[in-house]
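The lines below spell out each chain.
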Amino acid sequence: MHTTRRTLLAGLAAVALTPGRAAWAATAMPRPPASLMGAVIRRLPTARKVVALTFNAAWDTSGVDAVLTELRRRRLPATFFPTGAFAKARPAAVRAMAAANGLGNHSYSHPYFDGLSTQERQREILRADTAIRAAAGTEPLPYFRFPYSSTTTDSVADVNDLGYAAIEFTTDTNGYLGPGRGMTVDRVVERVVAALAPGAIIQMHVGSSTGDGTVLDAQALPRIADTVGAAGYEVVDLRDFLVPAGSAPGK
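In this text the structure is predicted, and so the values were computed from the model without any measurement. (Residues numbered from 1 in each chain as written. Predicted model: local features only at pLDDT ≥ 70, side-chain atom pairs only at ≥ 80, totals over all residues. Heavy atoms only, no water.)

1. Overview of the overall build of the chain
- Helices and strands together make up the secondary structure of the chain, namely eight helices and nine strands.
- The contacts in the chain between residues at least 6 apart in sequence include a share of 76% that link residues at least 24 apart.
- Total accessible area on the chain stands at roughly 10800 Å², and carbon and sulfur atoms take up 52% of it. (Helix = DSSP H or I, 4+ residues; strand = E, 2+ residues; numbered from the N terminus. Contact = heavy atoms within 4.5 Å. Areas by Shrake-Rupley, 256 points an atom, 1.4 Å probe, with all protein chains shown as cover.)

Right, here's the structure in full:
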């Protein structure tokens with residue numbers, strides 16, 4: 001058995017998950033290429049004028065419908081990174097996200113990973129995988145996004161040992177801060193424009209961190225899509241950067 005799979009099953013045993021829930025560890029599935037492993041990925045390894053749209057989900061569902069409607073209308077791909085707690089509490093939202101988009105893993109309870117042990121990190125990731133899988137009814141992607149973007153060399157190695165690439169972002173729109181903390185739709189769009197470069201990864205959020213239902217990222221998405229297109233960029237699906245199971249390393 002491959003070393004990462006041995007590590008994964010050991011982690012599953014440590015958190016007392018049942019063999020049935022661990023069955024995915026033995027299944028053939030696409031995996032991250034070598035170019036996405038061993039480091040924090042803040043830009044996709046490509047010279048093409050492409051960007052990836054990503055959305056974190058850890059709070060409420062205030063912007064989910066608006067975001068999904070706009071993505072469908074424009075036929076744009078995106079990747080959603082729900083927490084396990086979000087998936088457990090709001091399975092219908094996660095199923096809706098998964099209907100046409102990939103789902104990454106954003107931990108179960110959104111802790112700072114730099115203060116956790118290897119076993120605690122594994123527990124967070126694997127509990128989230130179980131919750132996301134149950135909510136979505138589909139296979140989550142082998143992409144992990146650190147809560148608070150709090151990364152260390154050791155924590156990235158732990159994530160990689162479980163078979164996940166550490167996918168962070170080129171820029172966060174900061175839309176989650178809301179109007180009360182000085183953000184506007186204009187400023188959200190400006191941050192995207194400033195970050196445009198081949199392989200840029202844009203981080204947004206589908207919920208309201210302020211609890212007032214305002215989701216600037218959802219409001220800004222039409223303008224972001226227009227701006228990205230006008231600049232000659234294509235929106236790409238992170239699933240396109242996986243490689244088939246069984247292919248040679250680095251392919």
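2. Thoughts on the pattern of salt bridges
- Overall, the coordinates contain nine salt bridges when judged by the stated rule.
- Residue Arg 133 is joined to Asp 129 by a salt bridge in which the shortest nitrogen-to-oxygen separation is 3.1 Å. Placement of the pair is Arg 133 and Asp 129 together in helix α5 (residues 118-136), with a separation of four residues, close to one helical turn.
- Linking Asp 237 and Arg 239 is a salt bridge whose minimum nitrogen-to-oxygen distance equals 2.8 Å.
- Among the residues examined, Arg 239 registers a relative accessible area of 33% and is labelled partly exposed. (Salt bridge = Lys/Arg side-chain N within 4 Å of Asp/Glu carboxyl O. Buried < 20%, exposed > 50% of the residue type's maximum accessible area, 1.4 Å probe, protein only.)

3. Brief notes about the pairing of strand β2 (residues 50-57)
- Of all eight residues in β2, eight are buried; the element is thus mostly enclosed.
- Here β2 shows no split at all, with Val 50, Ala 52, Thr 54 and Asn 56 on one side and Val 51, Leu 53, Phe 55 and Ala 57 on the other all buried.
- Bridging between β2 and strand β9 (residues 234-235) involves two bridges; their strand directions are parallel. By the bridge assignment, Val 50 is partnered in β9 with Glu 234.
- Bridging between β2 and strand β8 (residues 200-205) involves six bridges; their strand directions are parallel. Paired with Leu 53 across the strands is Ile 202, a residue of β8.
- Pairing analysis gives four bridges linking β2 to strand β3 (residues 79-82), with the strands arranged parallel. (Pairing = 2+ DSSP bridges.)

4. What about the packing of helix α4 (residues 91-98) against α5?
- Here α4 crosses α5 at 80 degrees, and the two axes come no closer than 8 Å. Classed by the angle they form, the pair α4 and α5 counts as roughly perpendicular. Note on element contacts: α5 touches α4 through Ile 132, Ala 135 and Ala 136, opposite Pro 91, Val 94, Arg 95 and Ala 98.
- The residue makeup of the contact of α4 with α5, split by class, is six nonpolar, no polar and one charged. (Axes fitted to C-alpha atoms, helices over the stretch in contact; angles between N-to-C directions. Parallel < 35°, antiparallel > 145°, perpendicular 65-115°, else oblique. Nonpolar A, V, L, I, M, F, W, Y, C, P; charged D, E, K, R; others polar.)

5. As for the pairing of β8
- Burial analysis of β8 places six of its six residues in the buried class, which makes it a mostly covered element.
- Both faces of β8 are covered, namely the face carrying Ala 200, Ile 202 and Met 204 and the face carrying Ile 201, Gln 203 and His 205.
- Across two bridges, the pairing between strand β7 (residues 171-172) and β8 is parallel. Of the residues in β8, the one forming a bridge with Thr 171 is Ile 202.
- This β-α-β element, β7 to helix α7 (residues 185-195) to β8, shows right-handed connectivity. (Right-handed = clockwise from strand over helix to strand, strands pointing away.)

6. Topic: the confidence of the model for the chain
- Scored by pLDDT, the chain comes out at a mean of 90, with 87% of its residues at no less than 70.
- Contacts from residues 1-7, a stretch scored under 50 in pLDDT, to residues over four places away or in other chains number nine contacts.
- Note that residues 9-26 has pLDDT below 50 and, in this model, 23 contacts with residues that lie over four places away or in other chains. (pLDDT = per-residue confidence, 0-100.)

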